[in-house]
Amino acid sequence: MQDDTIMGSSPIGKRLESTGKKEKTYCLVFGNKNLPIVGKITIGRAPDNDVVIDNKLASRYHAFIQKIKNICYIKDLSSTNGTYVNGKKIPTDKYVRLSPGDEVTIGKTSLIVR
């Protein structure tokens, strides 16, 4: 029996395979951890977030980062103390584009996009 998958046997798979090679991999660096940004990453104090920040200045569900077509965006989730990118507070109602090297600050915690 041949091992056929969508990636190897269909025109859609071949197209996905070719686009996958061009995609840049982004990581979120915090503490001693590197977390690849794939899809959506939630950030906050609640234990069910992808990135848990143990800091009273962080809201339970503070912000999220989403990767769309090889571009990363951050959105503040109406947090009490705000989300900062490179020292500037971002609006709560907008998605803000992130670039490698950007520093995201939530409470007293800094996260770096790589």
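Residues numbered from 1 in each chain as written. Predicted model: local features only at pLDDT ≥ 70, side-chain atom pairs only at ≥ 80, totals over all residues. Heavy atoms only, no water.

- Going by what an unreviewed UniProt entry lists, the protein is known as FHA domain-containing protein and is assigned to Rarispira pelagica.

**Describing the sheet that holds strand 1 (residues 27-30)**
So, point 1. One open sheet accounts for six strands, arranged 2-1-11-10-7-8; its pairing is antiparallel. Bordering the open sheet on either side are strand 2 (33-36) and strand 8 (88-89), each of which pairs with just one other strand.
So, point 2. Relative to strand 11 (residues 109-113), strand 10 (residues 103-106) is paired through four bridges, and the arrangement is antiparallel. When the sheet's bridge partners are listed, I106 is paired in strand 11 with T109. (Pairing = 2+ DSSP bridges. Helix = DSSP H or I, 4+ residues; strand = E, 2+ residues; numbered from the N terminus.)

**Some remarks on the pairing of strand 11**
So, point 1. Here strand 1 pairs with strand 11 via two bridges, running antiparallel. Looking at strand 11, one finds that V29 is bridged to I112.
So, point 2. The hairpin formed by strand 10 and strand 11 contains two residues between the paired strands, and G107 there has a positive phi angle of roughly 65°.

**Remarks on the sheet that holds strand 4 (residues 51-52)**
Within a sheet, each strand pairs with its neighbour through backbone hydrogen bonds, oriented either parallel or antiparallel.
So, point 1. Pairing is mixed across the open sheet formed by five strands, whose spatial order is 4-3-5-6-9. On the outer flanks of this sheet lie strand 4 and strand 9 (96-98), each paired with one strand and no other.
So, point 2. Inspection of the sheet shows strand 5 (residues 63-68) paired to strand 6 (residues 71-76) by six bridges, in the antiparallel sense. Bridged to A63 within strand 6 is D76.

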